[in-house]
Structures are given as C-alpha cells and as structure tokens.
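# A structural walkthrough
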Amino acid sequence: MQIEKEKLRSANVTIGECQDKIRCLTQQRDYARIHQKIVEIPVEKPVLYEKCEACDRTAYQNEKAKYETQKERLAGQYKAKTVIFQTTLFLLAWYSLTTTLFQAVQSDVFLSDCKSFFHDAASFIQTFIGWTIAAGHSAAQISTKIPNAFIAGIIYWLLLILVVGICVAGTGILVILIEIKVIELYKKNCWDFITLLMILTSAAVIIYFGESIKKTLSVNLLLLFVLSQGVYVGLRCYLKNQLNTKLY
C-alpha cells in the first residue's frame, strides 16, 4: 500500500507539472495573439519581359513579315492544288459514271436483269403482304366464337387490321434499322476513294462483261453487283478490325 501511495503521489506531481506547463504555454499563446503585428515581406513576382523601345527591332520585324508572307503563299498554293485535285477527281468520277450508265442503258442483258430484279422484289413484297393478310384473317377467326354478329364483325376487322399493321410496321422498322446500320458501317469503314473505285470498277465489269458473266453464271447482274458490294464492305470491316487489334 505504501508503494502504491508513493506512485500515486509521484503521478499527481507529474500531472501538476504538466498542467503548469500547459498554463504557461497558453498564456504565451494568448500574449502572442494580442501583441502580434503585421510585417510586410517583399516577394519577387515574375512579370513579362518588355524589351526596351529604344532597341532596334527592324531585323525581327523584317523576318516576321517574310515568314507571314511565305506562310500565306504556301497556304494559297496548297488550297489551289487541293481544289485542282478535287475538281480532277470529280470530273474523272463523273466521266466514269456517265460512260458506265450510258453503256448500261445500251446493254440489253443488264436492262433485262434490272427489270427482273425489281419485278422479283415487287413479287416478294406482294407475296409478303398476302401472307400477312392471310395471317390476319386466321387470327381474326377468333371473332366467330362471339354470338353477336355485329360485335363479331367489329372484332374481326380490328384483329385483321391489328395483325396486318403489326407485321407490316415491324418489318418496315426492321428494314430501316438494318439500312441505318449498314449505312453507318459503310461511312465508318468504307467512305473513301478506294470505295469509289471499287463501285465504278465492279459496275463497269458487270455491265461491259454482262453477257460473258451470264453465260458462265446464271445469276442476276444487279443482284451480283449488290452482293459484291456487300462482300466488299464485310471484307473492309474485317480487315480494319484486324488491323486495330494488331495495333493494340
């Protein structure tokens, strides 16, 4: 007990000394806050360099004027050459397109295949509409179970219009979405001079050598042109994706 009392007394003495020190430091802090003063200390601040106006800047001004003149001259030459190149490219494309179209008009085989292509497309649309109407009639037969003839007739036509409208609208939306996706891929991967050459070359080959192609392959020439463009777009997208994968 005596030892514990001595330890407690020593701890109390230490606590008292710490409290005195804290009290002294607090007083010094309060005194410093009350009696502090603001002292201005000069600080160096960087400013922009200003050359003396009395200095001779003729050489600098002359070199600057020469640079601006040369820059404007080169920009004008580049713009003129760009316009000439674009004009030449447009004229060549226009000449190739017009001659190809004129040859297509004179080609009996190509015109016949074009008529057959659009006739088959119209027949497919008519067949699809017929299937849709038949499906609508089949779905509308549910109305025959209604005893009231007037209500049954109304439900019959409502079901028919609903089924036909859903089928036609859904098919139209699907076709539009596919066209938008194809156009996006075409613009993203194939919108360049190489594609123009590909279109003109494939069209010229199909039109000029249409008879020989028909003798070898029993295929519609316009359909062959569309398929060739599809294969070209797919190949360009594949090669571009492979190139990007190798780069990364």
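What you see as residue numbers is a count from 1 along each chain, following the sequence as written. Since the coordinates come from a predicted model, pLDDT governs what is reported: local features require at least 70, and pairs of side-chain atoms require 80 or more to be given and counted, while whole-chain, interface and lining totals use all residues. Based on all heavy atoms of the structure, the side-chain values leave hydrogens and waters out of the count.

A separate point is the overall build of the chain. Helix and strand labels come from DSSP, where a helix needs a run of H or I of at least four residues and a strand needs a run of E of at least two; each type is numbered from the N terminus. The helix and strand tally for the chain stands at 7 helices and 0 strands. Put simply, the chain runs from its N terminus to its C terminus through helices and strands in the order α-α-α-α-α-α-α. Relative to the globule expectation of 18 Å for 248 residues, the C-alpha radius of gyration of the chain, 44 Å, shows a markedly less compact shape. Reported as C-alpha extents along the three principal axes, the dimensions of the chain are approximately 120 × 90 × 40 Å. Within the span of the chain, comprising 248 residues, buried residues form 14% of the whole. We compute the radius of gyration from the C-alpha atoms alone; for a globule the expected value is 2.2 Å times N to the 0.38, where N is the number of residues. Type-normalised accessible area, obtained with a 1.4 Å probe on protein chains alone, sets the label of each residue: buried when under 20%, exposed when over 50%, and partly exposed for intermediate values.

This part takes up the packing of helix α3 (residues 108-140) against helix α4 (residues 149-190). Describing two packed helices takes the angle between their axes plus the distance from one axis to the other. For helices, the fitted axis covers only the stretch in contact; all axes are lines through C-alpha atoms, and the angles between them, taken along N-to-C directions, range from 0 to 180 degrees. It is at 8 Å that the axes of α3 and α4 come closest, and there the two elements cross at 145°. Where α3 crosses over α4, the two elements pack in a sense that is right-handed. Note on element contacts: α4 touches α3 through Y156, L159, L160, V163, V164, C167, V168 and T171, opposite F128, T132, I133, A135, G136, H137, A139 and A140. When residues are sorted by character, Ala, Val, Leu, Ile, Met, Phe, Trp, Tyr, Cys and Pro go into the nonpolar class, Asp, Glu, Lys and Arg into the charged class, and all the rest, Gly among them, into the polar class. Of the residues assigned to the contact of α3 with α4, the class counts are 12 nonpolar, 4 polar and no charged. Here a crossing is taken to be left-handed if its near helix is turned anticlockwise relative to the far helix by less than a right angle, and right-handed if that turn runs clockwise. Contacts between residues were defined by any pair of non-hydrogen atoms, one from each residue, lying within 4.5 Å.

What follows is about the nonpolar core. We call a set of buried Ala, Val, Leu, Ile, Met, Phe, Trp, Tyr and Cys residues a nonpolar core when their side-chain atoms join them within 4.5 Å. Formed by A104, F110, C114, I206, I207, I213, L221 and L222, the largest nonpolar core amounts to 8 residues. Counting residues per element, the ones that place at least two in this core are α3, α5 (193-208) and α7 (221-247). Leave out the neighbours within four places in its chain, and I213 touches V205, I206, L221 and L224. Listed in part, the 5 residues of the second largest apolar core include Y186, C190, Y232 and C237.

This brings us to the packing of helix α2 (residues 58-106) against α5. At a closest axis distance of 10 Å, the pairing of α2 and α5 adopts a crossing angle of 20°. Judged by the angle between their axes, α2 and α5 are roughly parallel. Handedness of the α2/α5 crossing: left-handed. Contacts between α2 and α5 involve L89, A93, S96, L97, T99, T100, Q103 and A104 from the first element and F193, L196, L200, A203, A204, I207 and Y208 from the second. Taken together, the residues of the contact of α2 with α5 break down into 11 nonpolar, 4 polar and no charged. Comment on the angle field: the value is read as roughly parallel under 35 degrees, roughly antiparallel over 145, roughly perpendicular from 65 to 115, and oblique elsewhere.

The next thing to look at is the pattern of salt bridges. Salt bridges, as used here, are contacts in which a Lys or Arg side-chain nitrogen is within 4 Å of a carboxyl oxygen on Asp or Glu. Within the structure shown, the criterion is met by 4 salt bridges. For D20, the salt bridge goes to R23, with nearest N and O atoms at 2.7 Å. Residue D20 and its partner R23 are both found in helix α1 (residues 2-34); the two are separated by 3 residues, about one turn of the helix. Residue classification places D20 among the partly exposed positions, given a relative accessible area of 43%. R23 gets classed as partly exposed once you look at its relative accessible area, which sits at 44%. Of the charged contacts, one joins D30 and R29 as a salt bridge, the two residues approaching to 3.5 Å between their closest N and O atoms.

Each aromatic pair joins two rings of Phe, Tyr and Trp (for Trp, the six-membered one) with centres within 6.5 Å, and gets the label stacked for planes under 30 degrees apart, edge-to-face for over 60, and tilted for any other angle. Taken as a whole, this structure holds 2 aromatic pairs when the rule is applied. Consider the rings of F117 and F118, whose centres lie 5.6 Å apart with planes at 85°: the pair is edge-to-face. For the ring pair Y156 and W157, a centre distance of 5.7 Å and an interplane angle of 85° mean the geometry is edge-to-face. Residue W157 is classed as exposed on the basis of its relative accessible area, which comes to 52%.

Right, let's get into a nonpolar patch on the surface. Patches here are clusters of residues that have more than 30% relative accessible area and form no salt bridge, with a 9 Å joining cutoff for like charges and a 5 Å cutoff for nonpolar side chains (Val, Leu, Ile, Met, Phe, Trp, Tyr). All accessible-area figures derive from a Shrake-Rupley calculation using a 1.4 Å probe, and residue coverage is judged against the displayed protein chains alone. Residues F90, L91, W94, L97, L101 and F102 make up a contiguous nonpolar surface patch of about 680 Å² in total accessible area. Examined against the element boundaries, F102 turns out to sit in helix α2. A relative accessible area of 56% means that F102 is categorised as exposed.

The subject of this paragraph is the UniProt feature "transmembrane region" (unreviewed entry) in the chain. Listed under "transmembrane region" (unreviewed entry) in the UniProt record, and renumbered for this structure, are residues 83-102, 154-178, 190-209 and 221-239. Taken end to end, residues 83-102 comprises 100% helix and 0% strand; its first and last C-alpha atoms sit 28 Å apart. Taken end to end, residues 154-178 is 100% helix and 0% strand, and its first and last C-alpha atoms sit 36 Å apart. UniProt positions are given in the numbering used here, feature names are shortened, and annotations may be inferred rather than shown by experiment.

What follows concerns α3. Expected span of a helix: the number of residues minus one, times 1.5 Å. Compared with the 48 Å implied by 1.5 Å per residue over 33 residues, the 47 Å span of α3 between its first and last C-alpha is a close match. Taken together, the buried positions of α3 are F110, D113, C114, T132, G136 and A140.

Attention now moves to the side chain of S202. Tracing the backbone through its elements, the reader meets S202 in helix α5. Definition of a polar contact: a pair of N or O atoms within 3.5 Å, with one able to donate and the other able to accept a hydrogen when the atoms are protein atoms, and with sequence-neighbouring residues admitted only if both atoms are side-chain atoms. A polar contact of 2.8 Å, which involves the side chain of S202, links it to the backbone oxygen of M198.

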